[in-house]
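The chain contents come next:
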Amino acid sequence: MKSILFFGECMLEENADDDLNFDGELSFCGASRYGGDTLNTALYLARTTDTEQLKISFATALSKGEQSEKLLNMWQLEGIDTKLVTQSHDKSIGRYRINTNIAGERSFIYDRSDSAAKYYLQNEHQLFSDELTKIKCDYFYFSGISLAILNVKDRQYLLELLTTYKNGGGKIIFDNNYREILWRGEQALPFYQQAMQLADIAFLTDEDEFSLYGDSSVDGILQRIHRWRIPEVIIKQGADPCLVYQYKTSDINEPYSVKTIESTTLLNHQVVDTCAAGDAFAAGYLAKRLNEKSTTESAHFAHLLASRVIQFSGAIITLDEMADLMPESKFQ
Ligand code: ADP
């Protein structure tokens, strides 16, 4: 059985229409009331893969109390191993609120500056490093947001630990997910450069690369991929096709093969909420790719899953809304 460990933060989602405040108790009326990029990917991967064959673990810190217990319960029901999820005595779970203006444009307000997940590596470094270097999960998945929530010392610690992990044979998967609201480009750049050089598979959204590096076309991204010899890179471009680059040692002049995979066609009115599109894409890709499928088949399924998720509101859609994309073993 293979194993993959995800690291990041899960936040509680509040909707302005719900008339809830940040101090109030949040009642869960559906599965879509929480989210976080790496958690979303872990969860969609758990739904679309055979968790008897691939152990999917999530590492984060929640708070004490009923809400955290409910989250743990839901994740376990989804097939996620929560052994590395801890519950802080004195910190809370981060929250975000979605405001929609009269033109239907969405904006996010975050309350995560002192959330429990930010302190995970300080408090749980032994548990976490054992999983990577002693127990040795096969894959480790993190994102630009996983890095952004940490302080500088913890970011450096994580990247050093990942270097040891990689030298011991571990495979690293990185999603760029650059959020300017969390850190500015000049702060973020050195950490992105290190993360990218460690990555075996990198998921890059073109817009995030543009705002981080100041590029205006894919050419800049390609130069970096070539410089760092990243084995497998998927560039997502919203409704446009994704590009899959694979490093091949056989041709020094043309070291990368390139595939262009069309996205699933949706009509404008079918796109309801693009929240978690990239997270679902990564999950769909890994569901196939970690199961030895080709990059083409993996990218097709990634598009299919992402295009399904954006046809419903919320980061996490219901099981019914994606039942046809899940393996039969989930329903036995
Ligand atoms: P992110 O969420 O990281 O910003 P993108 O916006 O590039 O990522 O979207 C990720 C994936 O979601 C795309 O590669 C595609 O599969 C799917 N997607 C996004 N927008 C659309 C759309 N309008 N129509 C069809 N698929 C879409």
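The sections below set out a description of the structure shown in this document.

Conventions we followed
Residues numbered from 1 in each chain as written. Predicted model: local features only at pLDDT ≥ 70, side-chain atom pairs only at ≥ 80, totals over all residues. Heavy atoms only, no water. Salt bridge = Lys/Arg side-chain N within 4 Å of Asp/Glu carboxyl O. Helix = DSSP H or I, 4+ residues; strand = E, 2+ residues; numbered from the N terminus. Core = buried A, V, L, I, M, F, W, Y, C linked by side-chain atoms within 4.5 Å. Buried < 20%, exposed > 50% of the residue type's maximum accessible area, 1.4 Å probe, protein only. Contact = heavy atoms within 4.5 Å. Near = heavy atom within 4 Å. Polar contact = N/O pair within 3.5 Å; in protein donor to acceptor, adjacent residues only side chain to side chain. Areas by Shrake-Rupley, 256 points an atom, 1.4 Å probe, with all protein chains shown as cover. Nonpolar A, V, L, I, M, F, W, Y, C, P; charged D, E, K, R; others polar.

As for the pattern of salt bridges
Right, on to step 1. All told, the structure shown has 14 salt bridges when counted by the stated rule.
Right, on to step 2. When the shortest N-O distance is used, the salt bridge between R47 and E78 registers 2.8 Å. Here R47 is found in helix α1 (residues 37–48), whereas its partner E78 is found in helix α2 (residues 66–78), with 31 residues between them in sequence.
Right, on to step 3. If you follow the salt bridges from partner to partner, you end up with E209, D215 and R224 in one network.

Some details on the nonpolar core
Right, on to step 1. If you look at the biggest cluster of nonpolar residues, it comprises 55 residues, and the most contacted ones within it are I4, Y34, Y44, L45, W75, F203 and L286.
Right, on to step 2. Counting residues per element, this core draws most heavily on helix α10 (residues 277–289), which supplies seven residues.
Right, on to step 3. Setting aside residues up to four positions removed in sequence, L45 forms contacts with I4, F6, L54, I56, A283, L286 and A287.

So, the site of the ligand
Right, on to step 1. Taken together, 14 residues lie near the ligand, and T205, G238, T264, G278 and H303 sit nearest.
Right, on to step 2. Here an oxygen atom of the ligand and a side-chain polar atom of K236 are 3.4 Å apart.
Right, on to step 3. In the model, an oxygen atom of the ligand is placed 2.7 Å from a nitrogen or oxygen of the H303 side chain.
Right, on to step 4. A total of 550 Å² of accessible area belongs to the ligand in isolation, and the protein chains cover 82% of it.
Right, on to step 5. Every element with two or more residues in the shell around the ligand is listed here: β12 (232–237), α10 and α11 (295–309).
Right, on to step 6. Sorting elements by how many residues they give to the shell around the ligand places α10 first, with three residues.
Right, on to step 7. Among the residues making up the shell around the ligand, the classes are represented as seven nonpolar, six polar and one charged.

With respect to helix α9 (residues 218–228)
Right, on to step 1. Every buried residue of α9 is listed here: V218, G220, I221, L222, R224, I225 and W228.
Right, on to step 2. Buried positions along α9 lie against α7 (185–198), β11 (201–205), α8 (206–213), β12, β13 (240–247) and β14 (256–261).
Right, on to step 3. Within two residues after α9, R229 carries a phi angle of roughly 50°, on the positive side.

By themselves, these are just geometric observations and shouldn't be taken as functional.
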